[in-house]
Protein chains: 2
Amino acid sequence: MTETTASDTMRGRGRPREFDMNEALDKALRVFSERGYHATSIGNLTDAMQLASGSVYKAFKDKRGVFLAAFDRYRTVRSGKLRAVIDTDKMGYERIRDALTLYADVSHGQTGKLGCLVVSCASELATFDPEVAKKVAAAMDSNEAVLRDLIGLGQNDGSVPAHVDGKATARLLLCLVQGMRVVGKTGRTREEMMAAVTVAMKTLT
Amino acid sequence: MTETTASDTMRGRGRPREFDMNEALDKALRVFSERGYHATSIGNLTDAMQLASGSVYKAFKDKRGVFLAAFDRYRTVRSGKLRAVIDTDKMGYERIRDALTLYADVSHGQTGKLGCLVVSCASELATFDPEVAKKVAAAMDSNEAVLRDLIGLGQNDGSVPAHVDGKATARLLLCLVQGMRVVGKTGRTREEMMAAVTVAMKTLT
DNA sequence: TAATATAGGGAAAGATCATTCCCTAAATCA
DNA sequence: TGATTTAGGGAATGATCTTTCCCTATATTA
């Protein structure tokens, strides 16, 4: 199920799957993101994924299984986008601004209204589902670590002062980006979000 | 229903209500906060509020009605706590730190795990319920305005430099506190949150 | 080509849940 | 005191949703 990159030469035994797993998960995570986990019915999922309910239960254990797979897919896609933005040859300071800009981009307008799967759904489940709680915590920690590394990079290349508290500042920026996702659900413009980002960059001086 | 402060001299016609409305709403909002709106059943509410389902439907139109009342109650309580912390004779800069400290207090440990009703439930409903969306946006705007006012106050008393962009900084701090609520659901210590607050105060220098 | 294995799909079953109904209880009003 | 009004409570209802079942379709393997 996780091995979706397998080439078509090593196919399984029976009838091959007709839909693309990643495409289906992209559609599913959109629905989960917009409606929340509990408000998403199997009907909503089958509509979006263009599958019959029986087919969904063939491909996944249950509704929670669809969510877990969609969550992993979401993390993969978003990590990729973040990596694409920060894996440059710019100075650490600028890379941090680029990272925060990415969050400003997804936290406004239509995309902002859609919200973040980690924020909306995961925190909806994390209280009573230890496995989801673990995944959410891992996602948070991962994001915090990326920010922490960028700050360290900036301190090495001289674009961020040595006196900056890397750990605490990374945590602050993590709260900022998660908060942008929440505030972005109530509708903000890109300019409003970017203004907040600009102010936040003062913590790196 | 909103007039819960009415004295017992001006009582209504029929049998008087046996439970305290605010106490019941405090219990209800705890459940909504912890489980989320859709995962909260009437059974969960009757258990917590110690009322029969029939009684709940006597006091409220429906489940959504309970939520709306609980949401208002939540806003009243939280606004009161915030007011109690910032309505002092301290300098603007210190009052802002006190406000952020309040959010650090509720965003860690047990209370942090409980989460924020505005963040968790409201954003869960805001997408498909315009009335809730309006309430959430109002709550955000209100918090942003409080922060904006405190910054202005600080600029008047000289504790915050005049060059600080009040609007943008207030928006940044709003994102920070909402983000603390999200991150706080995954478990952080008070010290970790306070370290982030300390860094955030650099934006006011 | 027959056997086996897996996918697609939709109807049916089984659970859960929000809401209503109806009866009883306790207050005010005439 | 009897009529009226509102609250408390729990069983019954009706709607909705998750999951299973079963049949068909399409692939590989022997």
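Definitions and limits used
For every chain, the first residue of its written sequence is number 1, and the numbers climb from 1 along that sequence. Whichever chain is written first is A, and whichever ligand is written first is 1; the rest continue in order. Where local features are concerned, this predicted model is filtered to residues with pLDDT of at least 70; where side-chain atom pairs are given and counted, the filter is 80 or more; whole-chain, interface and lining totals use all residues. For the side-chain quantities, the full set of heavy atoms in the structure was used; hydrogens and water were omitted. Defined by distance alone, a disulfide is two cysteine sulfur atoms within 2.5 Å. Under the scheme applied here, a residue whose accessible area is under 20% of the maximum for its type counts as buried, over 50% as exposed, and between as partly exposed, the area being computed with a 1.4 Å probe on protein chains only. In this text, helices come from DSSP runs of H or I with a minimum length of four residues, and strands from runs of E with a minimum of two, each type numbered from the N-terminal end. By definition, residues are in contact when any of their heavy atoms lie within 4.5 Å. Note on geometry: axes are C-alpha line fits, over the in-contact stretch for helices, and angles between N-to-C directions span 0 to 180 degrees. With respect to orientation, any angle under 35 degrees is reported as roughly parallel, any angle over 145 as roughly antiparallel, any angle of 65 to 115 as roughly perpendicular, and every other angle as oblique. Each residue is assigned to one class: nonpolar for Ala, Val, Leu, Ile, Met, Phe, Trp, Tyr, Cys and Pro, charged for Asp, Glu, Lys and Arg, and polar for all the others, Gly among them. Note on definitions: buried area is the accessible-area loss of two parts on being combined, 1.4 Å probe, summed for both. What counts as a salt bridge is simple: a side-chain nitrogen of Lys or Arg found within 4 Å of a carboxyl oxygen of Asp or Glu. The fit set for superposing copies consists of C-alpha atoms from residues with pLDDT of at least 70 in both; the fit itself is least squares. Each residue is tested against the molecule or strand, and it is near if at least one of its non-hydrogen atoms lies within 4 Å. Distance and chemistry together define a polar contact, namely a pair of N or O atoms within 3.5 Å, with one atom able to donate a hydrogen and the other to accept it when in protein, and with adjacent residues in sequence counting only for side-chain atoms on both sides.

## Observations concerning the state of the cysteines
Part 1 of the argument: If you walk through the whole model with that rule in mind, you get 0 disulfides over all chains.
Part 2 of the argument: Looking at the unpaired Cys175 of chain A, the closest cysteine sulfur is the one in Cys175 of chain B, lying at 11 Å.
Part 3 of the argument: With a relative accessible area of 0%, Cys175 of chain B lands in the buried category.

## Quick look at the environment of Glu144 of chain A
Part 1 of the argument: For Glu144 of chain A, the position within the fold is in helix H8 (residues 130–157).
Part 2 of the argument: Excluding anything up to four places from it in sequence, Glu144 of chain A contacts Lys167, Ala170, Arg171 and Leu174 of chain A together with Arg188 of chain B.

## A few points about unusual backbone geometry
Part 1 of the argument: Positive phi values are uncommon outside glycine, yet Gln50 of chain A reaches one of about 55°.
Part 2 of the argument: Take Gln50 of chain A: its relative accessible area is 64%, and that puts it in the exposed class.

## Things to note about the packing of helix H5 (residues 92–106) of chain A against H8 of chain A
All names here are of chain A.
Part 1 of the argument: In the contact formed by H5 and H8, the axes pass within 7 Å of each other and the chain directions differ by 150°. Relative to H8, the element H5 is oriented roughly antiparallel. Residue-level inspection shows Gly92, Tyr93, Arg95, Ile96, Ala99 and Tyr103 of H5 in contact with H8, the latter providing Asn143, Leu150, Ile151, Leu153, Gly154 and Asp157.
Part 2 of the argument: Its residues placed into classes, the contact of H5 with H8 shows 7 nonpolar, 3 polar and 2 charged.

## Notes on the interface of chain A and chain B
Part 1 of the argument: In this complex, chain A contributes 39 residues to the contact, which on the side of chain B involves 39 residues.
Part 2 of the argument: A buried area of about 3,300 Å², summed over both sides, lies between chain A and chain B, and 71% of it is on carbon and sulfur atoms.
Part 3 of the argument: On the chain A side of the interface with chain B, the three residues burying the most area are Arg171, Cys175 and Lys202 of chain A, jointly 16% of the side's total.
Part 4 of the argument: Along the contact surface separating chain A from chain B lie 4 salt bridges.
Part 5 of the argument: With a closest N to O distance of 3.4 Å, Asp141 of chain B and Arg188 of chain A form a salt bridge.
Part 6 of the argument: Elements that contribute at least two residues to the side of chain A that touches chain B include exactly helix H1 (21–35), helix H7 (117–126), H8, helix H9 (166–184) and helix H10 (190–200) of chain A.

## Considering the relation of the copies chain A and chain B
Superposition of the two copies of the chain requires a rotation about an axis together with a shift along that axis.
Part 1 of the argument: Of the transformation superimposing chain A on chain B, the axial component is 0.0 Å and the angular component is 180°, with the fit at an RMSD of 0.0 Å. The superposition operator between the copies reduces to a two-fold rotation axis. Considering only C-alpha atoms, the part of chain A nearest the rotation axis is Gly179 of chain A, at 1.8 Å.

## Focus on the protein's contact with DNA strand C
Part 1 of the argument: In the vicinity of DNA strand C, 25 residues are found, and the nearest of them are Arg15 and Ser55 of chain A together with Arg13, Ile42 and Tyr57 of chain B.
Part 2 of the argument: In DNA strand C, atoms within 4 Å of the protein come 65% from sugar and phosphate.
Part 3 of the argument: A distance of 3.2 Å separates a base oxygen of DNA strand C from a polar backbone atom of Arg15 of chain A.
Part 4 of the argument: In the environment of DNA strand C, a base oxygen lies 3.1 Å from a nitrogen or oxygen atom belonging to the side chain of Lys58 of chain A.
Part 5 of the argument: Among the secondary structure elements, those contributing two or more residues to the surface near DNA strand C are helix H3 (53–59) of chain A together with helix H3 (53–59) of chain B.
Part 6 of the argument: For the surface near DNA strand C, the leading source of residues is H3 of chain A, giving 4 residues.

## Some remarks on the protein's contact with DNA strand D
Part 1 of the argument: Lining the immediate environment of DNA strand D, one finds 25 residues, of which Arg13, Ile42 and Tyr57 of chain A together with Gly14 and Ser55 of chain B sit closest.
Part 2 of the argument: In the interface set of DNA strand D, defined as its atoms within 4 Å of the protein, sugar plus phosphate atoms amount to 65%.
Part 3 of the argument: One of the backbone nitrogen or oxygen atoms of Arg15 of chain B is found 3.1 Å away from a base oxygen of DNA strand D.
Part 4 of the argument: One of the backbone N or O atoms of Glu18 of chain B is found 3.0 Å from a phosphate oxygen in DNA strand D.
Part 5 of the argument: Residue assignment for the surface near DNA strand D shows that the elements contributing at least two residues are H3 of chain A together with H3 of chain B.
Part 6 of the argument: At 4 residues, the largest contribution of residues to the surface near DNA strand D is made by H3 of chain B.

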